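So the chains spell out like this:
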Amino acid sequence: MKAQQRFFIGFMMGANLSQLDGDNHQGYKKLGLQAGAKSIGRVTENIHLSTEILYTQLGSQFREGRGFQRPLEVIQLDYMTIPLIITKHFHRTRITKDHVYHRFNVSAGFAYSRLIHADINENELDPIDYSAASLFFNNNDFSVQFGGGFFINKHLGMEGRASVSFNRIFDNAQHPEINTGIVLLRNYYLMARIIYIL
């Protein structure tokens with residue numbers, strides 16, 4: 001009997017739709033890139049444990065006030081992200097004797113992200129001072145992630161995931177010496193990506 005492969009490597013590329021809780025705007029309107037690699041360990045046939053290293057673009061995008069004539073304001077946050085994810089696989093599919101895979105999966109886990117760059121493009125007439133707040137952004141972000149995916153064969157698939165941060169990237173209560181007009185900022189994002197498993 002042929003031994004099952006225990007470890008796999010994969011590569012992913014996709015897009016994020018993100019928002020910042022606390023920026024006084026709603027909606028996942030900030031489009032960003034996500035790309036990276038993952039290593040996968042088979043715990044059982046249906047349960048896999050994986051870790052990833054990702055370049056992740058988050059932030060917020062909005063117009064202060066009504067009307068498209070208002071300048072577009074963008075908060076660009078670039079992170080290196082390391083998730084630890086457990087995945088449950090379903091619907092075992094056999095194409096040939098050596099081409100067996102699970103078509104669907106659900107996943108959940110935690111992630112650590114390190115802020116590597118922040119860029120603020122804001123309207124000078126906006127009473128909220130995001131640039132001043134960015135000087136005090138928390139470089140460390142911890143989040144819970146959950147999602148699912150499907151594969152068209154044992155190599156190629158698509159995944160979706162939602163992420164909610166535990167901690168705030170900015171908390172004005174910790175910096176009473178500055179007047180930004182912001183109470184707090186926290187990352188949220190939705191992700192969709194293509195994944196290829198070697």
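Turning our attention to empty space enclosed by the protein. Under the counting rule described, the total for this entry stands at 2 cavities of 30 Å³ or more. There is about 50 Å³ of room inside the largest cavity. Forming the walls of the largest cavity are Lys38, Ile85, Thr87, Asn105, Ser107, Gly148, Glu159, Gly160, Arg161, Met191 and Arg193. Examining the composition of the lining of the largest cavity, we find that 3 residues originate from one element, strand E7 (residues 156-165), more than from any other. Partitioned by chemical class, the residues of the lining of the largest cavity number 2 nonpolar, 5 polar and 4 charged. By volume, the second largest cavity is sized at about 30 Å³. Taken together, Gln34, Leu54, Pro83, Gln145, Arg161, Tyr189, Met191 and Arg193 make up the full set of residues lining the second largest cavity. Looking at the lining of the second largest cavity, the element that brings in the most residues is strand E9 (residues 184-197), giving 3 residues. Broken down by class, the residue content of the lining of the second largest cavity amounts to 4 nonpolar, 2 polar and 2 charged.

On to the pattern of salt bridges, then. Scanning the entire structure with this criterion turns up 7 salt bridges. Residue glutamate 52 pairs with arginine 161 through a salt bridge whose shortest N-O separation is 3.2 Å. With glutamate 52 in strand E3 (residues 47-63) and arginine 161 in strand E7, this pair connects stretches of sequence that are 109 residues apart. Look at glutamate 52 and you get buried, because its relative accessible area is 3%. Overlapping salt bridges, with partners in common, bring together Lys38, Glu52, Glu159, Arg161 and Arg193 in one network.

Procedures and definitions
Residue positions are given per chain, counted from 1 along the sequence in the order it is written. Since the coordinates come from a predicted model, pLDDT governs what is reported: local features require at least 70, and pairs of side-chain atoms require 80 or more to be given and counted, while whole-chain, interface and lining totals use all residues. For side-chain calculations, the full set of non-hydrogen atoms in the structure is used, while hydrogens and water are omitted. Of the two site types, the cavity is a set of points on a 1 Å grid over the protein atoms alone where a 1.4 Å probe fits but cannot get out, and the pocket is an open set with protein on both sides within 12 Å along at least five of seven lines, each lined by residues with an atom within 4 Å of a point. Grid points are joined across faces, edges and corners, and a volume is the space filled by probe spheres set on the points. To qualify as a helix, a DSSP run of H or I must reach at least 4 residues; to qualify as a strand, a run of E must reach at least 2; elements of each kind are numbered from the N terminus. Here the term charged refers only to Asp, Glu, Lys and Arg, the term nonpolar to Ala, Val, Leu, Ile, Met, Phe, Trp, Tyr, Cys and Pro, and the term polar to all other amino acids, Gly among them. Definition used for salt bridges: Asp or Glu carboxyl oxygen within 4 Å of a side-chain nitrogen of Lys or Arg. A 1.4 Å probe rolled over the protein chains alone gives each residue an accessible area, and that area as a share of the maximum for its type sets the label: buried under 20%, exposed over 50%, partly exposed in between.

Keep in mind these values describe shape, not function.
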